[in-house]
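Each chain is listed here by its residues.
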Amino acid sequence: GKEMTLRAMFFIAREAGGISDERAATIDEVLWRITDQEYPADRLAALRAESLEGDAFLDRLRAERSRIAPSFPEIILDAAARVALAHGPVEPRVRGKLFALAEALKLDGAAVSAAIETAQQPRSGRD
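Definitions and cut-offs
- Residues numbered from 1 in each chain as written.
- Predicted model: local features only at pLDDT ≥ 70, side-chain atom pairs only at ≥ 80, totals over all residues.
- Heavy atoms only, no water.
- Core = buried A, V, L, I, M, F, W, Y, C linked by side-chain atoms within 4.5 Å.
- Buried < 20%, exposed > 50% of the residue type's maximum accessible area, 1.4 Å probe, protein only.
- Helix = DSSP H or I, 4+ residues; strand = E, 2+ residues; numbered from the N terminus.
- Contact = heavy atoms within 4.5 Å.
- pLDDT = per-residue confidence, 0-100.
- Axes fitted to C-alpha atoms, helices over the stretch in contact; angles between N-to-C directions.
- Parallel < 35°, antiparallel > 145°, perpendicular 65-115°, else oblique.
- Left-handed = near helix turned anticlockwise from the far one by under 90°.

## Considerations on the nonpolar core
No. 1: One finds Ile 12, Leu 77, Leu 98 and Leu 101 to be the most contacted residues of the largest nonpolar core, which totals 40 residues.
No. 2: Counting only elements with at least two residues in this core, the list comes to helix 1 (2-15), helix 2 (21-35), helix 4 (54-64), helix 5 (72-84), helix 6 (92-104) and helix 7 (109-120).
No. 3: Beyond its immediate stretch of four places on either side in the chain, Leu 101 contacts Ala 8, Ile 12, Phe 57, Leu 58, Leu 61, Leu 77 and Ala 80.

## Some points on the confidence of the model for the chain
No. 1: In this model, the chain carries a mean pLDDT of 83, and residues with pLDDT of at least 70 account for 92%.
No. 2: Least confident of the elements in the chain is helix 3 (residues 41-49), whose mean pLDDT is 77; most confident is helix 6, at 92.

## Some remarks on the packing of helix 1 against helix 3
No. 1: At a minimum axis distance of 9 Å, the contact between helix 1 and helix 3 shows a crossing angle of 45°. Compared by their axis directions, helix 1 and helix 3 come out oblique. Judged by the twist between their axes, the crossing of helix 1 over helix 3 is right-handed. In this structure, helix 1 uses Glu 3, Leu 6, Arg 7, Phe 10 and Arg 14 to contact helix 3, whose residues at the interface are Arg 43, Leu 44, Leu 47, Arg 48 and Ala 49.

## Describing unusual backbone geometry
No. 1: The backbone of Lys 106 sits at a positive phi, close to 65°, despite the residue not being glycine.
No. 2: Secondary-structure assignment places Lys 106 in the loop between helix 6 and helix 7.

In C-alpha coordinates:
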(Lines give C-alpha, C1' and ligand atoms only; values in the text may rest on other atoms or scores of the structure.)
Protein backbone atom coordinates (compact mmCIF):
# COMPACT_ATOMS: atom_id res chain seq x y z
CA GLY A 1 0.00 0.00 0.00
CA LYS A 2 2.73 2.49 0.89
CA GLU A 3 4.65 1.96 -2.33
CA MET A 4 1.49 2.18 -4.41
CA THR A 5 0.68 5.43 -2.61
CA LEU A 6 4.08 6.77 -3.60
CA ARG A 7 3.59 5.60 -7.17
CA ALA A 8 0.19 7.34 -7.27
CA MET A 9 1.69 10.60 -5.97
CA PHE A 10 4.46 10.47 -8.59
CA PHE A 11 1.86 9.62 -11.26
CA ILE A 12 -0.27 12.66 -10.40
CA ALA A 13 2.79 14.91 -10.13
CA ARG A 14 3.95 13.84 -13.60
CA GLU A 15 0.46 14.20 -15.06
CA ALA A 16 0.11 17.65 -13.47
CA GLY A 17 3.27 18.95 -15.09
CA GLY A 18 6.17 17.38 -13.23
CA ILE A 19 7.63 16.91 -9.79
CA SER A 20 8.12 20.54 -8.80
CA ASP A 21 9.55 21.68 -5.47
CA GLU A 22 6.02 22.18 -4.11
CA ARG A 23 4.89 18.73 -5.21
CA ALA A 24 8.09 17.12 -3.89
CA ALA A 25 7.50 18.79 -0.50
CA THR A 26 3.91 17.53 -0.48
CA ILE A 27 5.07 14.02 -1.36
CA ASP A 28 7.61 14.15 1.50
CA GLU A 29 4.94 15.36 3.94
CA VAL A 30 2.44 12.67 2.96
CA LEU A 31 5.13 10.00 2.94
CA TRP A 32 6.15 10.91 6.48
CA ARG A 33 2.51 10.89 7.59
CA ILE A 34 1.81 7.40 6.23
CA THR A 35 5.12 5.80 7.25
CA ASP A 36 6.02 7.79 10.39
CA GLN A 37 9.66 7.06 9.62
CA GLU A 38 12.35 7.81 7.09
CA TYR A 39 11.67 5.98 3.85
CA PRO A 40 14.74 4.25 2.38
CA ALA A 41 16.28 6.84 0.04
CA ASP A 42 17.33 4.24 -2.54
CA ARG A 43 13.83 2.77 -2.71
CA LEU A 44 12.27 6.24 -2.95
CA ALA A 45 14.63 7.13 -5.80
CA ALA A 46 13.80 3.88 -7.60
CA LEU A 47 10.05 4.51 -7.33
CA ARG A 48 10.46 8.11 -8.46
CA ALA A 49 12.44 6.95 -11.50
CA GLU A 50 9.86 4.36 -12.59
CA SER A 51 8.62 5.10 -16.05
CA LEU A 52 5.04 4.04 -15.33
CA GLU A 53 2.96 6.95 -16.52
CA GLY A 54 -0.57 7.42 -17.79
CA ASP A 55 -2.36 4.25 -18.78
CA ALA A 56 0.61 2.03 -17.88
CA PHE A 57 0.39 3.12 -14.24
CA LEU A 58 -3.39 2.77 -14.15
CA ASP A 59 -3.18 -0.70 -15.70
CA ARG A 60 -0.66 -1.76 -13.06
CA LEU A 61 -2.86 -0.33 -10.32
CA ARG A 62 -5.88 -2.28 -11.62
CA ALA A 63 -3.81 -5.46 -11.76
CA GLU A 64 -2.53 -5.03 -8.21
CA ARG A 65 -5.75 -3.65 -6.67
CA SER A 66 -6.69 -6.97 -5.04
CA ARG A 67 -3.37 -6.96 -3.13
CA ILE A 68 -3.88 -3.49 -1.65
CA ALA A 69 -5.09 -3.48 1.96
CA PRO A 70 -8.75 -2.39 2.28
CA SER A 71 -7.78 0.80 4.14
CA PHE A 72 -5.34 2.01 1.47
CA PRO A 73 -7.46 3.01 -1.58
CA GLU A 74 -8.73 6.13 0.22
CA ILE A 75 -5.23 6.90 1.51
CA ILE A 76 -3.83 6.57 -2.01
CA LEU A 77 -6.49 8.87 -3.46
CA ASP A 78 -6.09 11.42 -0.64
CA ALA A 79 -2.31 11.48 -1.13
CA ALA A 80 -2.70 11.98 -4.89
CA ALA A 81 -5.20 14.81 -4.33
CA ARG A 82 -2.72 16.56 -2.01
CA VAL A 83 -0.06 16.40 -4.71
CA ALA A 84 -2.53 17.66 -7.33
CA LEU A 85 -3.31 20.66 -5.11
CA ALA A 86 0.33 21.51 -4.36
CA HIS A 87 0.25 24.35 -6.92
CA GLY A 88 -3.28 25.55 -6.21
CA PRO A 89 -6.64 24.55 -7.68
CA VAL A 90 -6.79 21.25 -9.54
CA GLU A 91 -6.91 21.73 -13.31
CA PRO A 92 -9.71 19.87 -15.15
CA ARG A 93 -7.24 17.53 -16.88
CA VAL A 94 -5.62 16.58 -13.57
CA ARG A 95 -9.06 16.18 -11.98
CA GLY A 96 -9.76 13.67 -14.76
CA LYS A 97 -6.61 11.78 -13.78
CA LEU A 98 -7.84 11.68 -10.17
CA PHE A 99 -11.13 10.19 -11.39
CA ALA A 100 -9.20 7.60 -13.44
CA LEU A 101 -7.12 6.81 -10.36
CA ALA A 102 -10.29 6.39 -8.27
CA GLU A 103 -11.81 4.10 -10.89
CA ALA A 104 -8.67 1.94 -10.88
CA LEU A 105 -8.94 1.76 -7.08
CA LYS A 106 -12.63 0.80 -7.37
CA LEU A 107 -13.74 4.03 -5.70
CA ASP A 108 -16.56 6.26 -6.93
CA GLY A 109 -16.55 9.88 -8.03
CA ALA A 110 -17.70 11.04 -4.60
CA ALA A 111 -14.40 9.76 -3.23
CA VAL A 112 -12.52 12.15 -5.55
CA SER A 113 -14.56 15.13 -4.35
CA ALA A 114 -14.00 14.08 -0.73
CA ALA A 115 -10.24 13.65 -1.30
CA ILE A 116 -9.96 17.09 -2.90
CA GLU A 117 -11.97 18.67 -0.09
CA THR A 118 -9.81 16.95 2.54
CA ALA A 119 -6.61 17.95 0.72
CA GLN A 120 -7.69 21.59 0.73
CA GLN A 121 -7.84 21.65 4.52
CA PRO A 122 -4.66 23.01 6.12
CA ARG A 123 -2.32 20.52 7.77
CA SER A 124 0.47 21.18 10.17
CA GLY A 125 3.84 19.67 9.19
CA ARG A 126 4.56 16.18 10.42
CA ASP A 127 1.65 15.31 12.68
